[in-house]
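Read off the chains here:
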Amino acid sequence: MTNTKKPTSTTLLEQAHTHMPLGVADSYRYWGEDNTVFVKSMKGCQITDSDDQVFVDFRLAYGPIILGYRDSRVDEQVTRTITERGTISGFSTDLDSDVVSLIKSLCPNIEKMRFANSGTEAVIGAVRTARGFTGCNKVVVVEGGFHGLYDEMMWKSDVDNWNSEVQEKPEIIPFGAGIPESTREHQESVPLNDFAAIDDVFARLGDDIAAIVIEPIMGNCGSIAATQEYMQKLRDICDQHGAMLIMDEVKTGFRVAKGGVQELYGIKADLTTYAKAMGNGYPVAAFGGRADVMDKISFDKDGVTHGGTYTANMIALSAAKATLTVLSETDALATINKVGADIQQVLSRVFDKFGIEHRFAGPDSMFGVHFGNEVPQNYRDWKKTDSELYTRFAFNLIANGVMLEPDSREPWFICEAHKEMDLNWLEDVANKAMEKALND
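The paragraphs below set out a description of the structure included in this document. Small disclaimer: the values here were computed from a predicted structure and weren't measured.

Observations regarding the overall build of the protein chain
Item 1. When helices and strands are counted, the protein chain shows 13 helices and 16 strands.
Item 2. For the protein chain, the C-alpha radius of gyration of 22 Å lies close to 22 Å, the compact-globule estimate for 440 residues.
Item 3. Along the first, second and third principal axes, the C-alpha set of the protein chain runs to 65 × 60 × 45 Å.
Item 4. For the protein chain, the proportion of its 440 residues judged to be buried stands at 55%.
Item 5. Excluding contacts between residues fewer than 6 apart, the proportion of contacts in the protein chain whose partners are at least 24 apart in sequence is 71%.
Item 6. Accessible surface for the protein chain amounts to roughly 19100 Å². Of this, 48% is attributable to carbon and sulfur atoms.
Item 7. Here the protein chain contributes 43 positively and 65 negatively charged side chains, and the mean placements of these two sets differ by 3 Å.

The following block contains the structure:
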């Protein structure tokens with residue numbers, strides 16, 4: 001960090017260890033005894049930690065902050081709703097349809113929708129609905145994608161420990177203990193952009209495949225993206241077999257374009273999941289798609305069950321309404337994309353200066369940085385990049401006031417408030433960070 005002596009953070013972590021495993025409320029927030037961050041305040045594109053160190057933040061809480069922390073256009077609407085209406089009643093409100101109508105105006109792939117409280121919940125709802133509609137069980141996922149912390153989706157290709165000279169493909173392993181082997185029974189994993197693998201899985205299991213679940217731009221894998229041809233392949237093979245194409249837009253939705261990733265590809269999913277950017281940091285999520293598929297959610301004996309105590313609470317929906325209105329009616333996304341492109345130019349000059357081969361992946365609003373001479377086409381390609389150099393570079397950036405995830409599998413997230421950032425300062429910091437990374 002900018003100050004290696006962090007007395008307040010150290011004390012807070014020591015106290016937290018007595019209350020929580022690892023001393024944090026989310027395992028991914030633990031960065032070790034010396035680097036775990038405790039935040040005191042956030043505003044715009046900056047966070048201030050408990051020791052009063054200020055960082056320009058490109059982590060943005062893993063992507064929800066699309067406008068900026070504490071954006072008044074959103075917060076004022078939420079405060080007004082709480083003051084004038086309340087927070088939760090266990091009944092419906094007009095906000096339900098208001099928000100769905102806004103989403104439908106931006107996303108032609110949505111005909112009907114239901115709300116959730118997190119990306120994990122949205123994926124659970126979409127997968128269950130797909131199974132209910134198709135009467136099938138198997139779900140195909142793509143290596144490197146992330147679809148939430150529930151048992152069935154907590155199986156991954158162990159690319160970290162994969163030796164391509166010895167192993168034909170990475171081993172499939174659970175995220176950790178407590179995940180029953182039985183939860184893997186109905187999940188099949190394939191590499192991104194691999195046509196033969198898709199043909200093979202449908203040849204073996206096509207009669208029982210309920211859905212393919214994919215992040216077309218992988219938010220936990222350096223924004224590595226599906227090709228246009230691959231997305232069309234998925235659309236065609238799902239249509240051929242009666243399977244559902246589920247696009248997980250928890251990270252890309254309302255961030256990479258007003259209509260999300262489906263606007264970029266021009267291909268519609270049967271079901272789509274959303275979260276993160278739709279509420280600018282407030283906990284709100286949703287899934288939806290074709291009306292005939294969503295109408296499988298019903299009280300019929302063979303209908304799909306969906307609900308939740310906090311689903312469609314007025315805090316979440318007022319935040320979503322305000323955020324989506326800003327994104328719909330202003331040039332916020334154009335500003336974000338320009339800032340992201342400008343930042344990539346800055347980084348590219350720095351990398352070129354030090355002779356570092358590099359490639360950017362994904363859209364300007366959530367771009368990945370990969371040290372190598374090719375843009376990775378799938379998670380296995382990521383293994384070929386110099387991720388260790390990236391981690392050293394990232395930690396050096398953090399030490400100089402630039403916050404990001406020190407793992408090249410996490411993109412740089414951009415928000416509208418980044419337009420106020422000094423690019424010359426960023427270039428100077430990046431130069432120092434790379435020089436030190438190469439000499440460490």
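Looking at the sheet that holds strand E5 (residues 138-142)
Item 1. The mixed open sheet is built from 7 strands, whose spatial order is E4-E12-E11-E10-E9-E5-E8. Because the sheet does not close on itself, it has two edges, and the strands there are strand E4 (112-116) and strand E8 (187-190). Along the sheet, successive strands turn relative to each other by an average axial angle of 20°, direction set aside.
Item 2. Sheet topology note: the strand E10 (residues 244-249)/strand E11 (residues 271-274) ladder contains 4 bridges and is parallel. Following the sheet pairing, isoleucine 246 is matched in E11 by leucine 271.
Item 3. In this fold helix H6 (residues 228-241) packs onto E5, E8, strand E9 (209-214) and E10, with an angle of close to 165° to the strand it touches most, E9.

Digging into the environment of proline 64
Item 1. Its location among the elements puts proline 64 in the loop between strand E3 (54-57) and helix H2 (72-84).
Item 2. Classification of proline 64 by relative accessible area gives buried; the value is 11%.

Here's the deal with the packing of helix H3 (residues 94-106) against helix H9 (residues 314-329)
Item 1. Running from N to C, H3 and H9 cross one another at 30°; their axes reach a closest spacing of 9 Å. It follows that H3 is roughly parallel to H9 by the angle criterion. Between H3 and H9 lies a crossing of left-handed hand. From H3, Leu95, Asp96, Asp98, Val99, Leu102, Ile103 and Leu106 reach across to H9, where they touch Met314, Leu317, Ser318, Ala320, Lys321, Leu324, Thr325 and Ser328.

Things to note about the sheet that holds strand E15 (residues 402-403)
In a beta sheet, neighbouring strands are held together by backbone hydrogen bonds and run either parallel or antiparallel to one another.
Item 1. Strand order in the open sheet formed by 4 strands is E1-E2-E3-E15, with mixed pairing between adjacent strands. Both outer strands of the open sheet, strand E1 (39-43) and E15, are each paired with one neighbouring strand and no more.
Item 2. Of the pairings in the sheet, the one linking strand E2 (residues 46-49) to E3 comprises 3 bridges and is antiparallel in character. Bridge pairing links glutamine 46 to valine 56 in E3.

Some words on the pairing of E10
Item 1. The buried count for E10 comes to 6 of 6 residues, which makes it a mostly enclosed element.
Item 2. The pairing of E9 with E10 spans 4 bridges and is parallel. Bridge pairing links isoleucine 214 to methionine 247 in E10.
Item 3. One crossover worth recording links E9 to the parallel E10 by way of H6, and it is right-handed.

Remarks on the packing of H2 against H9
Item 1. Across the interface, H2 lies against H9 with an axial gap of 8 Å and an inter-helix angle of 145°. As for the relative orientation of H2 and H9, their crossing is right-handed in sense. Along its contact with H2, which presents Arg73, Val74, Gln77, Val78, Thr81 and Ile82, the element H9 presents Met314, Ile315, Ser318, Ala319, Ala322, Thr323 and Val326.
Item 2. In terms of residue class, the contact of H2 with H9 is made up of 8 nonpolar, 4 polar and 1 charged.

Quick look at the environment of lysine 251
Item 1. Within the secondary structure, lysine 251 sits in the loop between E10 and helix H7 (261-265).
Item 2. Look past the residues within four positions of lysine 251 in its chain and what remains in contact with it is Tyr62, Gly219, Asn220, Lys276, Met366, Glu410 and Phe413.
Item 3. Looking at lysine 251, its side chain comes within polar contact range of the side chain of asparagine 220, at 2.9 Å.

Side note on the packing of aromatic side chains
The geometry of an aromatic ring pair is captured by the separation of the ring centres together with the interplanar angle, meaning the angle of the planes.
Item 1. This structure, assessed with the given rule, holds 11 aromatic pairs.
Item 2. For the ring pair phenylalanine 371 and tyrosine 390, a centre distance of 5.9 Å and an interplane angle of 55° mean the geometry is tilted. On the criterion of sequence distance, the pair formed by phenylalanine 371 in the loop between strand E14 (366-370) and helix H11 (379-382) and tyrosine 390 in helix H12 (residues 387-399) is long-range, its members being 19 residues apart. We note that phenylalanine 371, like tyrosine 390, is buried.

A few points about helix H1 (residues 7-17)
Item 1. All of the buried residues in H1 are Ser9, Leu13 and Ala16. Projected onto a plane normal to the axis of H1, the buried residues spread over an arc of 65° and lie on a single side. Facing away from the buried side of H1 by over 90 degrees, the exposed positions are Pro7 and Glu14.

What counts and how
- Residues numbered from 1 in each chain as written.
- Predicted model: local features only at pLDDT ≥ 70, side-chain atom pairs only at ≥ 80, totals over all residues.
- Heavy atoms only, no water.
- Helix = DSSP H or I, 4+ residues; strand = E, 2+ residues; numbered from the N terminus.
- Rg over C-alpha atoms; globule rule 2.2 N^0.38 Å.
- Buried < 20%, exposed > 50% of the residue type's maximum accessible area, 1.4 Å probe, protein only.
- Contact = heavy atoms within 4.5 Å.
- Areas by Shrake-Rupley, 256 points an atom, 1.4 Å probe, with all protein chains shown as cover.
- Lys, Arg positive; Asp, Glu negative; His and termini not counted.
- Charge placed at Lys NZ, Arg CZ, Asp CG, Glu CD.
- Pairing = 2+ DSSP bridges.
- Axes fitted to C-alpha atoms, helices over the stretch in contact; angles between N-to-C directions.
- Parallel < 35°, antiparallel > 145°, perpendicular 65-115°, else oblique.
- Left-handed = near helix turned anticlockwise from the far one by under 90°.
- Right-handed = clockwise from strand over helix to strand, strands pointing away.
- Nonpolar A, V, L, I, M, F, W, Y, C, P; charged D, E, K, R; others polar.
- Polar contact = N/O pair within 3.5 Å; in protein donor to acceptor, adjacent residues only side chain to side chain.
- Phe/Tyr/Trp six-rings, centres within 6.5 Å; stacked < 30°, edge-to-face > 60°.
- Arc of directions from axis to C-beta.

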